[in-house]
Amino acid sequence: MDLVIRGATVVDGSGSPGYRADVGLDGGRIAAVRRPGGRPLGGRRALDAHGLVLCPGFVDMHAHSDLALLSDPAHEAKAAQGVTLEVLGQDGLSYAPVDDATLAGVRAAVAGWNGDGGDVPGGLDWRTVGEYLDRLDHGFDGEGVAVNAAYLVPQGTVRAYAVGWEDRPATDAEVLRMRRLVAEGLEQGAVGMSSGLTYTPGMYADGRELAALCRVVAEYGGYWCPHHRSYGAGALDAYREVLGLARAAGCALHLAHATLNFPGNAGRAPELLALLDAALADGADVSLDTYPYTAGSTTLAALLPGWAHAGGPDALLARLRDGAAAERIRHAVEVTGSDGCHGVPVDWSTVEVAGVSDPALARFVGSRVPDWPAARRLLLADRLGTTVLQHVGHEENVRAIMRHRVHTGGSDGILRGAKPHPRAYGTFPHYLGHYVRELGVLPLEEAVAHLTSRPAARLRLPDRGLVREGYRADLVLFDPATVAAGATYAQPRALPTGVPYVLIDGRFVVRDGRRTDVLAGRAVRRAPASRCRRPVPARPAGRGHLTGGRYSRAAPAWSSDRRGAGTGRAPRRPRGAACGGRRPRRPPRRRRTRRRGCCRRAR
């Protein structure tokens, strides 16, 4: 074997009690797990791991590293935490699929999250989801990237591509075009679709439009990950909306950074969890992620009302320059509560500048925004590129939600800015050090399951998330007595302690607590479509694309190959489920048939 890890306490990701074992790795996979008393394992190299916990690599279910993976080969923010897989394309806004005009708008809209891409070697030269995933595979000089990455088709970007940045309902033809864009992204390897329903232009979509797109996601066996319409006023109604849409579309649902913020929601997590439990009891396929902090983070422009963004970033800047329009924006922000700020009037004392795009404005970083005139000046001077922290969360809600059985971890880490949220550098060690060791909110084995096997199950990855023979050798070794987040609000880029080893594909990404030069990360794709799959038609068929028309899709096989061409098979579905419950007709004069996906084939 290539490497034998000796004497570790294996916490295998299943939630079962840990046990002592030697673990052998070979060819990028776990070759053997040998408990004491068995035949000793031999290997070309050995690592003494006595006193350390060995577990699967952590999966960051909500990451904003879409450009960081391509601009920073070290990517210590995530690698040093033990993250071996990130899910990108979040909150409905990312960089594929696009045309030139859409890309320009998206780059401006989320410059506060990711920068404008000017530091990406070679530039943003992709346009499709497949091309973006290929770019991740090749990374730096063909060597890949720091950690593995999966991708969600961003619904807001799709809307910008098909409809533009206008605040209006989509036409039937535009909905059909969006369905085709989502289908193409899934065909090219995306694992699902995200939405940002307090971000433009995704927030302009009504339930009819979202349901039509979710039906496509369901047909491919993906999941929908919405940042829903409110985490403040009316938050529970916003959760009910996405639960209802997903159920109606037959689509798996993953609730992004699921929490309840702002003063009116203090202590209301049990109401959310009761809503979630009722949906699960009724057969819904639902999961969620959270980060273990009370503050949130977004762009300063995101706090403005959706109507002010209509037409795109340039149109918003024009309204901010216009006195009458700016006064309307102020009234929405400070008096009535804008949809961009979750229906809650902004308390400026909770808003802290985390980063600016213009270095000349660096003096504002770390300061609170005093009032609307100051916010308006900063938005104009920084051309909407300012990121902020919002100190509006509640610790009791954070603890209650992380205990739930469908909970997973997601950093929601924004890596740009001089003083970013510490969740970007600290989420996973903070779970293990603060909430497991210090507070005892979760047992260690349960917490590891939340961060490994549960997200792998949501992503339908058949060979990740557990320490099992034959599984990918994406592993973390940490010291349970010392693991902790180094990042704080005062020092948000400090690296964690107690995580001496991280392996991806059996190769050391972190060794002796230091980042190596290994670039073992690749895109993790859905497998190519089955040949029996029918594409989304160019025009409505049957009952119509908005009124329940069904287009057959084979049950997808989820790829775990380093280049996306693997053959890992998803869990088998009930008969007929892959094609919306309607079985194709049996071919005539075929005998001894059996079901495979959504079609019958002779043995």
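Treat the numbers as computed from the prediction; the structure is a model and nothing was measured.

Draft legend 1. Focus on the overall build of the protein chain. Helix and strand content of the protein chain: 18 helices and 22 strands. Looking at the protein chain alone, contacts between residues at least 24 apart form 74% of all its contacts between residues at least 6 apart.

Draft legend 2. The arrangement of the environment of C341 in detail. Here C341 lies in the loop between helix 13 (323–336) and strand 14 (351–355). Residue classification places C341 among the buried residues on the basis of a relative accessible area of 1%. Here the alpha-carbon distance between C341 and F262, two residues 79 residues apart in the chain, equals 10.0 Å. With residues near it in sequence (within four places) discarded, C341 still touches F262, A302, L303, V346 and Q390.

Draft legend 3. Expanded view of the packing of aromatic side chains. The tally for this structure, following the rule as stated, stands at 7 aromatic pairs. Each ring, one from Y231 and one from Y239, has its centre 6.3 Å from the other, and the planes form 85 degrees; the classification is edge-to-face. Accessibility assignment for this pair places Y231 and Y239 in one class, buried. Taken together, the ring pairs connect W126, Y132 and Y151 into an aromatic cluster. Directly above the aromatic system of Y291 lies the positively charged group of R423, at a separation of 4.4 Å from the ring centroid.

Draft legend 4. How the structure looks around helix 6 (residues 155–162). By the criterion of burial, helix 6 is predominantly enclosed, with 7 of the 8 residues buried. In the core, the buried residues of helix 6 are packed alongside helix 3 (100–109), strand 8 (148–154), helix 7 (172–187), strand 9 (192–196) and helix 8 (207–219). Positive backbone phi, approximately 100 degrees, marks G164, located one or two places after helix 6.

Draft legend 5. Structural view of the sheet that holds strand 13 (residues 296–299). With antiparallel pairing, 3 strands are arranged side by side in an open sheet as 13-15-14. At either margin of the open sheet sits one strand with a lone partner, and together these are strand 13 and strand 14. Averaged over all adjacent pairs, the angle separating strand axes in this sheet is 35 degrees, with direction ignored. Relative to strand 15 (residues 387–390), strand 14 is paired through 4 bridges, and the arrangement is antiparallel. The partner of V351 across the bridge, within strand 15, is Q390.

Draft legend 6. Spatial organisation of the pairing of strand 12 (residues 286–290). Extensive coverage of strand 12 is indicated by the burial of 5 of its 5 residues. In strand 12, alternate side chains face the same way, and those of V286, L288 and T290 on one face and S287 and D289 on the other are all buried. Sheet analysis places strand 11 (residues 252–255) next to strand 12, joined by 3 bridges and oriented parallel. Of the residues in strand 12, the one forming a bridge with L255 is L288. Between the parallel elements strand 11 and strand 12, the chain passes through helix 10 (residues 269–281) in a crossover that is right-handed. Bridge count between strand 12 and strand 16 (residues 407–409): 3 bridges; the pairing is parallel. Note that in strand 16 the partner of L288 across the bridge is H407.

Draft legend 7. The arrangement of the pattern of salt bridges in detail. By the definition in use, this model includes 31 salt bridges. R525 is the partner of D137 in a salt bridge, and the nearest nitrogen-oxygen pair spans 2.7 Å. Remark: R525 occurs in the loop between strand 20 (514–515) and strand 21 (593–596) and D137 occurs in helix 5 (residues 129–138); sequence separation between them is 388 residues. Here R159 makes a salt bridge to E209, at a shortest N to O gap of 2.9 Å. A residue pair is termed long-range when its members are at least 10 positions apart, and R159 in helix 6 and E209 in helix 8 qualify at 50 residues. Residue E209 is classed as buried on the basis of its relative accessible area of 1%.

Draft legend 8. Spotlight on the side chain of H62. Looking at the secondary structure, you find H62 in the loop between strand 6 (58–60) and helix 1 (68–71). A distance of 3.2 Å separates a polar atom in the side chain of H62 from a polar atom in the side chain of Q90. Engagement of the side chain of H62 in a polar contact is seen with the side chain of D91, the distance being 3.2 Å. Leave out the neighbours within four places in its chain, and H62 touches V87, Q90, D91, A256, H257, D289, G410, S411, D412 and G413.

Draft legend 9. Seen up close, the side chain of T200. Inspection of the secondary structure assignment puts T200 in the loop between strand 9 and helix 8. In this structure T200 comes out as buried when scored by relative accessible area, which is 10%. Apart from residues no more than four positions distant in its own chain, T200 is found in contact with L93, W165, G306 and H309.

Draft legend 10. Fine view of the nonpolar core. Residues L136 and W224 are the most contacted members of the largest nonpolar core, which totals 126 residues. Dropping the residues within four chain positions of it, L136 is found in contact with L69, L70, L88, G144, V145, A149, G521 and A523. Membership of the second largest hydrophobic core comes to 27 residues, among which are A308, V346, V353 and W372.

Draft legend 11. Spotlight on unusual backbone geometry. Along the chain, A96 connects to P97 via a cis peptide bond; the corresponding omega equals 0 degrees. Position of P97 relative to the elements: it lies in the loop between strand 7 (83–88) and helix 3. You will see that D512, though not glycine, has its phi angle at about 55 degrees, which is positive. Take D512: its relative accessible area is 55%, and that puts it in the exposed class.

Draft legend 12. Expanded view of the sheet that holds strand 12. Read from one edge of the open sheet, 8 strands run 6-7-8-9-10-11-12-16, paired in parallel fashion. At either margin of the open sheet sits one strand with a lone partner, and together these are strand 6 and strand 16. Averaged over all pairs of adjacent strands, the angle between strand axes in this sheet comes to 30 degrees, irrespective of strand direction.

Parameters at a glance
- Residues numbered from 1 in each chain as written.
- Predicted model: local features only at pLDDT ≥ 70, side-chain atom pairs only at ≥ 80, totals over all residues.
- Heavy atoms only, no water.
- Helix = DSSP H or I, 4+ residues; strand = E, 2+ residues; numbered from the N terminus.
- Contact = heavy atoms within 4.5 Å.
- Buried < 20%, exposed > 50% of the residue type's maximum accessible area, 1.4 Å probe, protein only.
- Phe/Tyr/Trp six-rings, centres within 6.5 Å; stacked < 30°, edge-to-face > 60°.
- Lys NZ or Arg CZ within 6 Å of the ring centre and 35° of its normal.
- Pairing = 2+ DSSP bridges.
- Axes fitted to C-alpha atoms, helices over the stretch in contact; angles between N-to-C directions.
- Right-handed = clockwise from strand over helix to strand, strands pointing away.
- Salt bridge = Lys/Arg side-chain N within 4 Å of Asp/Glu carboxyl O.
- Polar contact = N/O pair within 3.5 Å; in protein donor to acceptor, adjacent residues only side chain to side chain.
- Core = buried A, V, L, I, M, F, W, Y, C linked by side-chain atoms within 4.5 Å.

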